[in-house]
Amino acid sequence: STSFAWSPDGKRLAVGGFSGLVLVDGETGEQRRLVSTFEEVLGFTASGRQFVTRPALPTRVIQIWVVPEGRLERTLELEKASETALVDDRLLTWQFDSDAPPGERTVLMRRLSLDGAAQQELGLWKPHGLTGFDVDPTGTWIFSVQHGRLVQQRLDALSAPGRVIGAHEGDKVNVSVSPWRDRAVTSDNRGDVRVWNVPAPRLELRLKSPANALSVALDPKGRFLATSPPGTFPPHSLVLFDLTAPRSAEPTPLLGSEWTQINALGFSPDGSWL
């Protein structure tokens, strides 16, 4: 498996990967395989009645499924192959200009309704020194790390100057926001993790992982934060931070003595499972 998503009520889990698409009952553990070919899971809608996937090829195709039936309701075809996310019950797509050097490539961003009827071109985003970005769960703001600065911009005003939240320097720094709304997290390959209060703006917490912390999961309830290196990593590299613990508390390693590969990381909606 390479991707998954919880339904908003935590009762279902859609799991996708090279072995197909599986719908799991969160209460009984019952599994139903919907297809046997590769599907990437993008997420559930707010009602929990639909979830969205994308096959490996062609990347222009988006699949919309109905639960609990596990039935394919609709297939959409994008105008061009794009990176895609499900944000606020709409598809957000972005295409990088491949001619520019990494970090300086312009990005064409669009928004599309799940029925395919309404498409909005958000415009051309021109980041500089980009190392990572994320979009808040309302689809209003895009947060990015550019030249070591955490920047907040409106998705409907991409050409306007961004608001600088703070600094986190390094050649590999990522940012994670969703499902939080008023806090953002920057993390890097050295294990430096920073929690930012967005409205203030100010640095709220600075944490230290014993390993690369570029992969991040945020507890929807706001208490926990988990980090791991992307891909294959050595023992004790997947760690859990309790944000209510004393500042001097160490993170809890979640895996033992074996080398591990993590493809996806996320909390259940109530924060009780990782």
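Rules behind the numbers
- Residues numbered from 1 in each chain as written.
- Predicted model: local features only at pLDDT ≥ 70, side-chain atom pairs only at ≥ 80, totals over all residues.
- Heavy atoms only, no water.
- Pairing = 2+ DSSP bridges.
- Helix = DSSP H or I, 4+ residues; strand = E, 2+ residues; numbered from the N terminus.
- Axes fitted to C-alpha atoms, helices over the stretch in contact; angles between N-to-C directions.
- Patch = residues over 30% accessible without salt bridge, like charges linked within 9 Å, V, L, I, M, F, W, Y side chains within 5 Å.
- Areas by Shrake-Rupley, 256 points an atom, 1.4 Å probe, with all protein chains shown as cover.
- Salt bridge = Lys/Arg side-chain N within 4 Å of Asp/Glu carboxyl O.
- Buried < 20%, exposed > 50% of the residue type's maximum accessible area, 1.4 Å probe, protein only.
- Phe/Tyr/Trp six-rings, centres within 6.5 Å; stacked < 30°, edge-to-face > 60°.
- Lys NZ or Arg CZ within 6 Å of the ring centre and 35° of its normal.
- 1 Å grid on protein atoms, 1.4 Å probe; cavity = no way out; pocket = protein on both sides within 12 Å on 5 of 7 lines; lining within 4 Å.
- Points joined across faces, edges and corners; volume = space filled by probe spheres on them.
- Nonpolar A, V, L, I, M, F, W, Y, C, P; charged D, E, K, R; others polar.
- Contact = heavy atoms within 4.5 Å.

Colleague: Help me understand the sheet that holds strand β7 (residues 61–66), please; the structure alone is not making it clear to me.
Modeller: The strands making up a sheet are joined through hydrogen bonds of the backbone, oriented either antiparallel or parallel. The strand order across the open sheet built from four strands is β5-β6-β7-β8, with neighbouring strands paired in antiparallel fashion. Strand pairing shows two members of the sheet lacking a second neighbour, β5 (39–44) and β8 (71–77), which therefore form its edges. Recorded for the sheet is a direction-independent mean angle of 25° between the axes of neighbouring strands. Across five bridges, the pairing between β5 and strand β6 (residues 50–55) is antiparallel. Looking across to β6, one finds that Val41 is bridged to Thr53.

Colleague: How should a nonpolar patch on the surface be read in this particular structure?
Modeller: A contiguous nonpolar patch, built from Leu254, Leu255 and Leu274 and spanning about 220 Å² of accessible area, is present on the exposed surface. Turning to its location among the elements, Leu274 is positioned in the segment after β26 (260–262). Residue Leu274 is classed as partly exposed on the basis of its relative accessible area of 41%.

Colleague: What exactly am I supposed to notice about the packing of aromatic side chains here?
Modeller: The geometry of an aromatic ring pair comes down to the distance between the two centres and the angle between the two planes. For the coordinates displayed, the defined rule picks out six aromatic pairs. Judged by centre distance (6.5 Å) and plane angle (55°), the ring pair of Phe96 and Phe133 falls under tilted. In this pair, Phe96 sits in strand β10 (residues 90–96) while Phe133 sits in strand β13 (residues 130–135), placing the two residues 37 residues apart along the sequence. Both rings, one in Trp125 and one in Phe133, keep their centres 5.4 Å apart while their planes meet at 75°; by these two values the pair is edge-to-face. One exposure class covers both Trp125 and Phe133, and it is buried. Through a chain of ring-to-ring contacts, the aromatic side chains of Trp94, Phe96, Trp125 and Phe133 assemble into a single cluster. In this arrangement the basic side chain of Arg154 is found over the ring face of Trp141, its NZ or CZ atom lying 5.3 Å from the centre. The ring of Trp180 has Arg183 lying over it, and the distance from NZ or CZ to the ring centre is 4.1 Å.

Colleague: Help me out: how do you make sense of the sheet that holds strand β15 (residues 149–154) in this one?
Modeller: With antiparallel pairing, four strands are arranged side by side in an open sheet as β13-β14-β15-β16. Both outer strands of the open sheet, β13 and β16 (163–167), are each paired with one neighbouring strand and no more. Going across the sheet, the axis of each strand differs from the next one's by a mean of 20°, ignoring polarity. Inspection of the sheet shows β15 paired to β16 by four bridges, in the antiparallel sense. Counted as the bridge partner of Gln152 is Arg163 from β16.

Colleague: Teacher, can you tell me more about the layout of surface pockets here?
Modeller: Where empty space is left can be seen by rolling a probe of water-molecule size over the atoms. As a volume, the second largest pocket reaches approximately 300 Å³. Contributing to the lining of the second largest pocket are 16 residues, with Leu207, Phe241, Pro246, Arg247 and Ala249 lying nearest its centre. Elements with a minimum of two residues in the lining of the second largest pocket: β20 (202–208) and β24 (239–242). Here the element with the most residues in the lining of the second largest pocket is β20; it accounts for four residues. Taken together, the residues of the lining of the second largest pocket sort by class into 10 nonpolar, one polar and five charged.

Colleague: Can you walk me through empty space enclosed by the protein in this structure?
Modeller: Counted by the stated rule, this structure contains one cavity of 30 Å³ or more. The calculated volume of the largest cavity comes to roughly 80 Å³. Lining the largest cavity, in full, are Leu78, Glu79, Lys80, Ser82, Thr93, Gln95, Arg110, Arg111, Leu112 and Gln119. Of all elements in the fold, only β10 and β11 (107–113) reach the threshold of two or more residues within the lining of the largest cavity. Counting residues per element, the lining of the largest cavity draws most heavily on β11, which supplies three residues. Classifying every residue of the lining of the largest cavity gives two nonpolar, four polar and four charged.

Colleague: Mind showing me how you'd approach the pairing of strand β1 (residues 3–6) here?
Modeller: The side chains of a regular strand alternate between both faces of the sheet. Only one face of β1 is buried, namely the one carrying Ser3 and Ala5, since none of Phe4 and Trp6 on the opposite face is buried. With four bridges connecting them, β1 and strand β2 (residues 12–17) associate as antiparallel partners. Bridge assignment links Phe4 to a residue of β2, and that residue is Val15. Taken together, β1 and the strand that follows it, β2, pair antiparallel across an intervening segment of five residues, in which Gly10 is found at a positive phi of about 75°.

Colleague: Mind showing me how you'd approach the environment of Leu274 here?
Modeller: On a C-alpha basis, the gap between Leu274 and His236 in space is 16 Å, while along the polypeptide they are 38 residues apart. Discounting chain neighbours no more than four positions away, the residues touching Leu274 are Ala217, Ala226, Leu254, Leu265, Gly266 and Phe267.

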